[in-house]
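Given next are the chains, with one letter for each unit.
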Amino acid sequence: MNKTLYLKFILAYVIFGIFGFIIITTFVPSMTSEHLIRERASALYSEATLIADTYASGLYTNDISLETVQTQLDTLSVYLNSTIGIINPSGRMVLSTDSPLNVENVVIIENFDPTITAGSYYNVGNFFGSYEEDMLNVIAPITSEYKVKGYLVIHTPMTDIEKSCNSLLNISYITLVILFLLSLIILIFFTEIVYVPLKKITYATEQYASGNMHYEFQVESDDEIGYLAACLNYMASEIARSEDDQKKFVANVSHDFRSPLTSIRGYLEAMLDGTIPPDLHEKYLQIVLNETERLTKLTNSLLTLNNLNTRGMLLDKTDFDINRIIRNTAASFEGTCRKKTIAIELLLTGDTMFVTADMGKIQQVLYNLLDNAIKFSHHNSVIRIETSEKKNKLFVSVKDSGIGIPKEDLKYIWERFYKSDASRGKDKKGTGLGLSIVKEIIASHGEHINVISTEGVGTEFIFSLPCSRMEEEYD
């Protein structure tokens, strides 16, 4: 199997890392630099306007001497880590913290233009060739008597801002690496919690698809994946058990067909070759007839089961006396009961008890239950058939005192094709279809059938039927 899902997740993880790195290296540096420049320029402009309104304006009104202003600006220059200068509108440098005060040494800034900031209060450049490197230049006008007397300029090296920017970018890179490592934890989590269980489930489905229904796997998880694995395991075990049951059923049916056919063929060949004398033909023909009845019964059970599988149960409901059906069914087993000296005790409610159901199919239910009770009862025992009425329902009980049903087999007795080991040892002619047919018939009537059994004590089957309204009319 191609590991496409896992590879896709790995690819998504790598793409996340690549795009994260591209974004950090492409957009973040320019955004960080622009932010630091604006922030630094704003702080310097605030200082520039303050100086322009105090020391610088006092210089033009002769309130403060040039030496005093130079001293103050030198101090502020150290504090701001910048160069501070005063320039006349003509471009003449009045003073600068870069050089000592010298009125005889006139410095002219060629092509000085205060509008270089283009409507802002700062720009980045070499300030008309005054510096060899780019500087952040902040310009604030010096006014006196509502006229611009000059300009206070503050220059700070861009290298300082770039260092701060690089420090912040290093933090961004470290953060990216941390996020990448944290996302690796998510990848590991996905691998252990999702991919590995999913791989187990996929392999299990391949095993089941190839016919290995006995393959078992374990997923230790309480989420939907764990539930899916448990359901898949349960489904496979049920299918495996169903296949095993069908194999057992086929083996039983094959044996049950082969045994009477072998007897029939053996007796017929013996009669044809003279091994069995003519005066005994009638006896052995009766045995052959009994074996054909066994085959007919087995075939009818299979046909009934096949009809239930293909088109469901078709009912012909009528109102009939269930007591009469019980008596007639019990009477049909008189010969069998006499051979095993078994008595059938009837405890019926009233002389007549009408119910609404399919009479033929309810008779089949009674026949199957009574046939089972006789097969698994001991000699000289009693089988009790009892009816009781409660809340417009009639409950029919068929109880024997035979070998009982093992506890571990109780949950399987209603399943088609099932025949327990104890049942198989006691009843060599059974196919395990009787009780499954009984269950289908009662369920098709919308009623229920239950079983109470203790191994070595006996078994009781109880099913319900709706009482007929004819009873109410008679009352």
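A. Molecular detail of a negative patch on the surface. There is a patch of like negative charges on the surface, built from Glu132, Glu133, Asp134 and Glu162. Its relative accessible area of 44% is what places Glu162 among the partly exposed residues.

B. Layout of the environment of Gln72. Note that Gln72 resides in helix α3 (residues 66-80). The spacing of Gln72 and Thr97 is 25 residues in sequence and 9.7 Å in space, taken between C-alpha atoms.

C. Broad picture of the pattern of salt bridges. Taken as a whole and judged by the stated rule, the model has 7 salt bridges. The shortest N-O distance in the salt bridge between Glu334 and Arg338 comes to 2.7 Å. Of this pair, Glu334 and Arg338 both sit in helix α8 (residues 334-339), 4 residues apart, roughly one helical turn. Since its relative accessible area comes to 47%, Glu334 is described here as partly exposed. For Arg384, the salt bridge identified is with Glu345, shortest N-O distance 3.5 Å. Taken together, the residues Arg384 in strand β10 (residues 382-390) and Glu345 in strand β8 (residues 343-347) connect sequence positions 39 residues apart.

D. Just α3, in detail. Between the first and last C-alpha of α3 there are 21 Å, a value that for 15 residues agrees with the 21 Å anticipated at 1.5 Å per step. Where α3 is concerned, the buried positions are Leu66, Val69, Gln70, Leu73, Leu76, Ser77 and Leu80. For α3, the arc enclosing every buried residue in end-on projection is 135 degrees, short of the 170-degree limit, so these residues lie on one face. Relative to its buried face, α3 has exposed residues pointing more than 90 degrees away, namely Glu67, Thr75, Val78 and Tyr79. Looking at the buried side of α3, the elements it contacts are α2 (28-60), β1 (83-87), β2 (92-96) and β6 (147-157). Directly beyond the C-terminal end of α3, a positive phi value near 55 degrees is found at Asn81.

Reading the values: rules and limits
Residues numbered from 1 in each chain as written. Predicted model: local features only at pLDDT ≥ 70, side-chain atom pairs only at ≥ 80, totals over all residues. Heavy atoms only, no water. Patch = residues over 30% accessible without salt bridge, like charges linked within 9 Å, V, L, I, M, F, W, Y side chains within 5 Å. Areas by Shrake-Rupley, 256 points an atom, 1.4 Å probe, with all protein chains shown as cover. Salt bridge = Lys/Arg side-chain N within 4 Å of Asp/Glu carboxyl O. Lys, Arg positive; Asp, Glu negative; His and termini not counted. Charge placed at Lys NZ, Arg CZ, Asp CG, Glu CD. Buried < 20%, exposed > 50% of the residue type's maximum accessible area, 1.4 Å probe, protein only. Helix = DSSP H or I, 4+ residues; strand = E, 2+ residues; numbered from the N terminus. Expected span 1.5 Å × (residues − 1). Arc of directions from axis to C-beta. Contact = heavy atoms within 4.5 Å.

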